[in-house]
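Architecture and fold: a report
The residues making up each chain are set out below.
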Amino acid sequence: MTVQELYASIGGNYDSAKRILQMDKLISKFILKFLNDASFDKLATAWEAKDGAGIFDGAHALKGVCANLGLDALSASSSEICEEFRPGTARKLSDEALSARMDKLKADYARTIEGIRAFEAEQ
Amino acid sequence: MANGQNIMQKRRTVLVVEDNEMNREILCELLADEYNVLEAENGLTGLEQMEKHSGEIALVMLDVYMPECDGFAFLERKCRDPRFDTIPVIMMTASNTVEDEIRCLELGASDFITKPYNVEIMKNRMKSLIRLRESSAMLGRLESDSLTGLFSKEFFYHSLEELLKVDADAHYDLVCSDIENFRVMNDRYGTAYCDRFLRSIADEISGSLPNLLFGGRIGPDVYAFLIGHQEQNGWTEHLLPDGWQENHGKITIKFGIYTDVDHELTAAGICDRATLAIAKIKKKFGTDVAWYDDEMRNMQLREHQIEQTMERALSERQFVVYYQPKHDLHTDTTGGAEALVRWISPEMGFISPGQFIPLFERNGFIINLDFYIWEEVCKELRHCMDEGLPVIPISVNVSRVDFEVPDLAADIAVLADRYGIDHALLHIELTESMYSDNPGQIARTLAALHSNGFYIELDDFGAGYSSLTSLNTLTLDIMKIDMSLIRQAAATNDYSILRFATLLADGMRLKTVVEGVETAEQVAALKVLGCDYIQGYYFSKPLPPKEYEEYLAAHCGKESA
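Note that the coordinates shown come from a computational prediction; the quantities given were computed from them, not determined experimentally.

We now examine the overall build of chain B. Looking only at helices and strands, chain B features 20 helices and 20 strands. Considering chain B as a whole, with its 561 residues, one finds that 34% of them fall into the buried category. Put simply, of all contacts in chain B between residues at least 6 apart along the chain, 64% involve residues at least 24 apart.

Set out below in structure tokens:
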């Protein structure tokens, strides 16, 4: 599987990743490192603990990493959650709507990780 | 990095402060080809890196939200430390909320980039911020004098002129300070000591001046300070702390003050006025402060007027050469004359040589004037020869400035030859004090003149700086004894110093001329002492050419009255 094919399979934006990291070699290097990135785990843990500040930190970190890797969908959904918990701002979404978004984010994340693992297995 | 590498190609160091390892690594990877990259995972470690590498870091890339110490806290602490304050910071944020941006800018951030990074935009912003900081640092170096922390001369002048332009109705005073004998001090105590001294003096004066606006170092040991106008003069008594003079022995600092400065003047003109006041009290023991006053202003205006008209005056032959006869005591006839210049200006009337000669020596015009005088003297000698009048030697004065002309001896020889004048008829008068300026050059030129057949007269012997070394080193023919000695001798009826001077001259086979002789008693005494020539009002005042020729016809070869 090429990097480009990986991005197609996980719904990532290869062009965006290429614009930032410039070489497939680097995209490949960092997308594999994403497997060890702790941002999602932080978000998930804070979510379970209903820790608003922790949710913001985790979502904010995940949003940044995903943006730099061209993982646009993940970046957009983590951004939504991040803004919901930004310190000093009022919540806009209902708990149900928020839970639905978090579920979607978890599913997107799982699909992405699965795709990257498959890519890793081929390296 | 190789030595001598162009500074523009120098690899700068940037500090990346970002808690997310992935983002940090991506950024480091993107920057590694152009920069040395330091990393920190939060604000606290970022500050530690700044502490460790403060002199190296050219720019900081800073994440906003981080644990321990976030971007805001980092900025707050950074801007409080003068070592770090000027290092530019680019904030990196995934969420470009306006509130965050405003807060970061208020805390001193220079710019923003949002994630995902646009590498080209990011690198260009980094470059321009680094360039901006480096050029302001360079400007800062030009603005301030690194030794004293005062403004540099250029920046002081610029600031002064700008201020006077902006605030036309405000009243200011300018204070200049000058350390007397600073060069001697430098030789004696060394540069390091003198640097410390210069710094402490700048601090002391800055601290004592009332309503100080700013100060500049406008010369190696000259400072200028602009202060709000002071109505009373009492403040000048405390320009240096009490006891300062006692602790600094022979070092004296003189102050010149120009009050209520004229807004129309240039900064250099304003500072000139204050330094002119200092010049008035230079070497004057016990007087350390002087004010620029009307008398100085009038003198400056007069000098300005002289400088405006001097060239025209020369071309219009306003300078007239007068001749004062020298009486030969052995033959009792006129044995020579001294050429003296007079300037009668149609606009300014009679101008004393004491006024224009020092000015011409400063501005170099004396070279033109002296050549003019020498030529007039050659013409006069030629005229006497052609008219069958007695032809006697005429002495002309040379200035220390004339000795800067590379072939002075050859130029004078060419001039004399053009008019067919025997070189022995032209005597060159120089003052003894000139010898201290450039002894080697002066001795060589005099030797060349002497070997060309010109006679050399040493003027003003006994006035001020008499040194037996110069008598021994210079090629001389005649010693002119200063009029102060004859006045003193006549007043006390004690001719012993004059006797010594004539004996000294005799021992060195030099002829003597005594100037300033006014009475028959003085003539009789000098005759007994064995002087050769006498010049003074007793025989004649300086005469214009026509009267001089009549005097020659009447007195040469005949016994005087």
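Back to the write-up after that little detour.
Time to look at unusual backbone geometry. Not every positive phi belongs to a glycine, and Gln22(A) is a case in point at roughly 70°. Located in the positive-phi region is Arg317(B), a residue other than glycine, with phi close to 55°. Among the secondary structure elements, Arg317(B) is positioned in the loop between helix H11 (294-315) and strand S12 (319-328).

Residues and elements named next belong to chain B. On average, residues of chain B score 87 in pLDDT, and 95% of them reach the 70 mark or higher. Contacts from residues 1-8, a stretch scored under 50 in pLDDT, to residues over four places away or in other chains number two contacts. The ipTM, which scores confidence in the relative placement of chains, is 0.87 for this predicted complex, and the corresponding pTM is 0.53.

Bringing the interface of chain B and chain A into the picture now. Counting from both sides, the interface comprises twelve residues of chain B and, opposite them, 19 residues of chain A. It is helix H1 (residues 21-31) of chain B that provides the largest number of residues to the side of chain B that touches chain A, a total of four residues. Residues of the side of chain B that touches chain A, tallied by class, amount to seven nonpolar, three polar and two charged.

Below, the discussion takes up the environment of Glu204(B). Residues and elements named next belong to chain B. Turning to its location among the elements, Glu204 is positioned in helix H8 (residues 191-208). In this structure the C-alpha to C-alpha distance between Glu204 and Leu239, which are 35 residues apart in sequence, comes to 7.9 Å. Setting aside chain neighbours within four positions, we find Glu204 in contact with Leu240 and Pro241.

Residues and elements named next belong to chain A. Where helix H5 (residues 52-69) meets helix H6 (residues 72-84), the closest approach of the two axes is 8 Å, and the angle between their N-to-C directions is 155°. By the angle between their axes, H5 is roughly antiparallel relative to H6. In the crossing of H5 with H6, the sense of the turn from one axis to the other is left-handed. Contacts between H5 and H6 pair Ile55, Phe56, Ala59, His60, Leu62, Lys63, Cys66 and Ala67 from the former with Leu74, Ser75, Ser78, Ser79, Ile81 and Cys82 from the latter. For the contact of H5 with H6, the per-class residue count stands at nine nonpolar, four polar and one charged.

Helix length check: H5(A) (18 residues) gives 26 Å between terminal C-alpha atoms against 26 Å at 1.5 Å per residue, within 8%. Within H5(A), 15 of the 18 residues are buried, leaving the element largely enclosed by the surrounding structure.

Okay, helix H18 (residues 496-507) of chain B next. All names here are of chain B. Between the first and last C-alpha of H18 there are 16 Å, a value that for twelve residues agrees with the 16 Å anticipated at 1.5 Å per step. Of the residues making up H18, those classed as buried are Leu498, Ala501, Thr502 and Ala505. Considered in projection along H18, the buried side chains sweep an arc of 95° and stay on one side of the axis. Exposed side of H18, more than 90 degrees from the buried face: Ser496 and Gly507 are the residues found there. Looking at the residues trailing H18, positive phi occurs at Arg509, about 55°.

Cut-offs applied
- Residues numbered from 1 in each chain as written.
- Chains lettered and ligands numbered in written order.
- Predicted model: local features only at pLDDT ≥ 70, side-chain atom pairs only at ≥ 80, totals over all residues.
- Helix = DSSP H or I, 4+ residues; strand = E, 2+ residues; numbered from the N terminus.
- Buried ≥ 20, exposed ≤ 12 C-beta atoms within 10 Å, placed from the backbone.
- Contact = placed C-beta atoms within 7 Å.
- pLDDT = per-residue confidence, 0-100.
- Nonpolar A, V, L, I, M, F, W, Y, C, P; charged D, E, K, R; others polar.
- Axes fitted to C-alpha atoms, helices over the stretch in contact; angles between N-to-C directions.
- Parallel < 35°, antiparallel > 145°, perpendicular 65-115°, else oblique.
- Left-handed = near helix turned anticlockwise from the far one by under 90°.
- Expected span 1.5 Å × (residues − 1).
- Arc of directions from axis to C-beta.

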